[in-house]
Structures are given as structure tokens and as C-alpha cells.
Amino acid sequence: MKNTTLALAGTTHAKLREHLFPGDGLEAAAILLCTRTPGPRLRLLVRDVILVPHGACASRRPDRIVWPGRYLEEAVEQGELEGLNVILLHSHPGGSFLFSDDDDASDLIAVSSLFQAYGDLHGSAIMTPDGAVRARIYDSDMRCTPIDLVACAGDELSLWWEEAASPDGPGDRPIAFTSAMTAELGRLTAVVIGASGTGSIQAEQAARLGFGRVIPIDFDKVKKKNLNRILNATRADAVARRYKTNVLARAIATYRGKGCAVLIVASINTREAVLAASQGDVLFCCVDSLEGRYFADLIASAFLLPLFDVGVAIPVRRKDGTVAIADAVGRIDYVQPGGATLRDRNVYTPETLRAEYLRRAAPEAHAQEVEDGYIRGVVEEAPAVISLNMRAASACMNEFILRRYPFRLDPNRRYARTTFSLAAAEEDFYDEDSFEKRNNPLLGRGSREPLLGMPALGETTTETVA
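Residues numbered from 1 in each chain as written. Predicted model: local features only at pLDDT ≥ 70, side-chain atom pairs only at ≥ 80, totals over all residues. Heavy atoms only, no water.

Caption draft 1: Just the state of the cysteines, in detail. In this structure the tally under the stated criterion is zero disulfides. Here Cys152 stays unpaired: no disulfide links it, and the sulfur of Cys34, its closest cysteine neighbor, is 13 Å away. Free cysteine: Cys286, not disulfide-bonded; nearest cysteine sulfur from Cys396 at 5.9 Å. (Disulfide = S-S within 2.5 Å.)

Laid out in C-alpha cells, this is it:
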């Protein structure tokens, strides 16, 4: 497992690449202003960038650049105010994926000047014409440490590994469904929010595909009524009222060994769960509540994590007092940092969140007496929906694979949302640009307190079930 990561949104990466490679074959520069995750894993999150104007540079050559110190002063002014880490980025138009001797000499001057102003960690990075990024960090004594992984979540999921660096570039990404894919997944952490019908399937897929760590997050216990849709759950688990996450961890340990599953027995709306989720590389949201999706949405934005949200439903129709299944449907949304959020896509709204809260906390204040579930409008204690859950969970995991190891005939951008109807035997797809984006002030917020901008998630201890 890797300890240090530099993460940036696809929209940020595209902006940087356009600036750093204007087409003249000369080096260009930018400054990355980064927040962090709360730890223990160090993930630097690119929150803002300063583009050094090409015309302001004293010298731009194919292998060297000299740019004005006032942009460094601007970075210090903003970074010191907000407690940000600074990464100095420049292009290598020739394609070399190694830091040069000139790069080393420049860092000794520029990075050390940052420490004279403030901070305990700053660094430098390079980008090659294909968009690959390599980075390193320094401590205040100017000791240099390579960043293990640079991760960019855009229409595709790009991962640039430090040990793959060579003069000719970072190398090809693994091919889907191969042992090379399994080996790479072994370096990554999957966070699965929700450990019930769809979530148990998602966690099982993640573990068997080879993710190095799987973090299931759920506060609920196994009940007899949901034994028909939670993988690996037994009657003994229901009788003992074991936590769903414990059941998942026990099963995963039988074929992956202890330590692969790191269970979090808490609701996703607690500080403990948010901190755990921030340590992942990819989020899978498998909850049946709008509040759960709301928190997954916020976590993905704040910590620049790719989010895959999956949901299923069974609408019914009523006629002459009889009830019939109208359809069985599923939805998979891929949310990239800086793109359209689940709220932008109307998966939830302030109004629906409020309505859900009223149904849960004050049912007498809400006209709806039939609790929404798998089968809308029908009370069903033990819906037999594992086949529907598996259909949706498989599509969700395959969407991740298609993003990291792409082999679609069409661009991934056309598949921001996928819906399927079993009744109509149809699938529909929605382009990323079909959703209108709101301004997202939470993007790249990182560990800034209070977490997610919520006072309820402050540094005071959150009580959770042990």
C-alpha cells in the first residue's frame, strides 16, 4: 500500500495541461496549492492553481524556464493564510519523466525559500506532453521524498506511479481483467459506504478483484429479514445481531487474509466514518438513504475522490385494487471531482433530504405513511431483490474498471450516468455535459476544520458503536 498521494480533479488537470503545453515546445510553469487529508495517510489535494503567464517568464526554452518570483510570493500569501502546501509544477516538453539536474538545483533555491516563509512540507512536480505527472516533497530540512502516486479523477482515472518512472515516460496502464490490473488494484483502497444488499456485493467484488484494502462503512446489524440479500450473512449472524461490516470482514478474511477489510461500525454522517473514507482511493456508495448519498457527495468533493453511486428501485402500478410490478430499474452515477455532483443531478435536493428526515424523525409530521423501500409504495419486510442488486452492483464495478482501464468504443464522458430497465430491456446513458454544475466551494477542502464545513463533525469525539 502506498502512503503518499498527490490528487487532482480532471478539470484541474485539463487546465494545467493546456497552460503547460501551449504548442510552442517550450517549458511553462504553474503553482499548485494543496490541502491534505486528515491522516494517517498523506494525500495532498490540489485545491487551487496559479498559472505563471508565458510572457512574464524571463526565459522559456525546451529544457529550462525562469519565471518571476512575484508568483511565488502570491502563492506564499495565499498558502500561509489558508495553511496550504505548495507544489511547484513545470512541463517537460521533451517527454522526460525524470527530474533533471537543473530541476534539483532550482528546488534548492525555490522550495527552500518557501520554508523561509512558512510550512513543514512543500514540493515540486513535472508534467509530460501526455499529461503524466510525477511529484516529490521536501521537509523543512530539504530532505526529498518521492510521492508514491499522482492520481487524477476525470473522465478516466489516471494513476502515475513513482516506481514506474523512466526517462521515456510512466509506461502503459494495465489492461482490464488481467493479472496486471489485479496487481495495481492491490495498491489501492476501496471505500464501500453501506454493507447491505448492494454494498455487500460491492465489497465482495472489490476484495476478489484484488483491492489492497476494502473499507466497508455501516452501523447496522444483520436481521433475519435481510438474509436473502446480504452476501455471506448467516442465520447465526441474525440471531447474534452481528454488525454487517463484521460479516463482510469475516468473509473477506477467509480468502484474502486478515487486514484486507478494515471495518468501520458507524454511520457515514459521523466524524469517524468521514475520516475513514478520506483514506481511500475510490468511493462506492451503496446506501438506500438520501442522507447517505449527500454525505458521500460531500466526501468525494472535499477529498477529491472518484465516486460511484448505485441505486435500484421497483416501481409498482395499481389498478382496481390490485398491485403489479411496473418495472425494476437501476442507476449508476460516476461523479468526478469538479464535475456535476449528485445534487447537481437531482439525486437528492434540500427538499427531499428534509422529507426523508421528517419520515425518519417525525413521521406524524409527514403525510407519507408507507416507508419508501425497494418496492415503492408497498411494505415488504424481506424483498427478494438480490438478483437486481447484483445486476446494479456489477454495472457499478464495471464502470470503475472502464474508467481506469478504458476499452469503450465511445468516450467515457458520455457515460456519467447509466440507467437500466428490466421491463423494457433497455439501458440509457447520460453525458457529463448534460448536467448543469453549481459552484462547489467544498472542492478540495481536505482536512480543514470543521470537516466538510459541518460544525457537527468538529474535532470533539463522535460517539459510535464499538
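Caption draft 2: Molecular detail of the nonpolar core. Among the nonpolar cores identified, the biggest contains 42 residues, and Phe211, Val214, Phe284, Phe308 and Phe400 are the most heavily contacted of them. It is helix H11 (residues 386-404) that provides the largest number of residues to this core, a total of six residues. Discounting residues that sit within four places of it in the chain, Phe284 has contacts with Ala190, Val191, Val192, Ile193, Gln202, Phe308, Cys396, Met397 and Phe400. With 37 residues, the next largest nonpolar core counts Ile217, Ala277, Leu283 and Leu442 among its residues. (Core = buried A, V, L, I, M, F, W, Y, C linked by side-chain atoms within 4.5 Å. Buried < 20%, exposed > 50% of the residue type's maximum accessible area, 1.4 Å probe, protein only. Helix = DSSP H or I, 4+ residues; strand = E, 2+ residues; numbered from the N terminus. Contact = heavy atoms within 4.5 Å.)

Caption draft 3: Local environment of helix H3 (residues 101-117). Helix length check: H3 (17 residues) gives 25 Å between terminal C-alpha atoms against 24 Å at 1.5 Å per residue, within 8%. The axis of H3 is deflected most strongly, by about 35 degrees, at Asp107. Those residues of H3 that sit buried are Asp103, Asp107, Ala110, Val111, Ser112, Leu114 and Phe115. Along its buried surface, H3 packs onto helix H2 (70-82), strand S6 (85-91), strand S7 (121-127) and strand S8 (133-139). (Expected span 1.5 Å × (residues − 1). Bend = angle between axes of the 7 residues up to and from the residue.)

Caption draft 4: Just the side chain of Asp344, in detail. Note that Asp344 resides in the loop between strand S18 (329-335) and helix H10 (350-361). Within the local environment of Asp344, its side chain forms a polar contact with the side chain of Arg438, the two groups lying 3.1 Å apart. (Polar contact = N/O pair within 3.5 Å; in protein donor to acceptor, adjacent residues only side chain to side chain.)

Caption draft 5: Representation of the pattern of salt bridges. Tallied over the entire structure, the rule returns 32 salt bridges. Salt-bridge contacts for Glu82 lead to Arg47; the nearest nitrogen and oxygen are separated by 4.0 Å. Residue Glu82 is located in helix H2, and its partner Arg47 is located in strand S3 (residues 42-51); the two are separated by 35 residues in the primary sequence. Of the residues examined, Arg47 reaches a relative accessible area of 29% and is grouped as partly exposed. A salt bridge links Glu399 to Arg408; the nearest nitrogen and oxygen atoms lie 2.5 Å apart. Residue Glu399 is classed as buried on the basis of its relative accessible area of 4%. Its relative accessible area of 22% is what places Arg408 among the partly exposed residues. Salt bridges sharing partners connect three or more residues here, namely Arg293, Asp309, Arg331, Asp333, Arg345, Arg417 and Glu432. (Salt bridge = Lys/Arg side-chain N within 4 Å of Asp/Glu carboxyl O.)

Caption draft 6: Seen up close, the side chain of Arg41. Residue position: Arg41 is located in the loop between strand S2 (29-36) and S3. A residue is classified by how much of its surface remains accessible, and Arg41, at 11% relative accessible area, is buried.

Caption draft 7: Expanded view of the packing of aromatic side chains. Counting across every chain of the model gives nine aromatic pairs. Pairing Phe308 with Phe400 gives two aromatic rings, centres 5.9 Å apart and planes at 80 degrees, and the pair type is edge-to-face. Residue Phe308 is located in strand S15 (residues 307-313), and its partner Phe400 is located in helix H11; the two are separated by 92 residues in the primary sequence. Phe308 sits in the buried class, given a relative accessible area of 0%. Residue Phe400 is classed as buried on the basis of its relative accessible area, which comes to 3%. An aromatic cluster of at least three residues, connected via ring pairs, comprises Phe211, Phe284, Phe308, Tyr334 and Phe400. If you follow Arg136 out to its NZ or CZ, it ends over the ring of Phe99, 3.8 Å from the centre. (Phe/Tyr/Trp six-rings, centres within 6.5 Å; stacked < 30°, edge-to-face > 60°. Lys NZ or Arg CZ within 6 Å of the ring centre and 35° of its normal.)

From the geometry alone we can't say anything about function, so treat these as descriptive.
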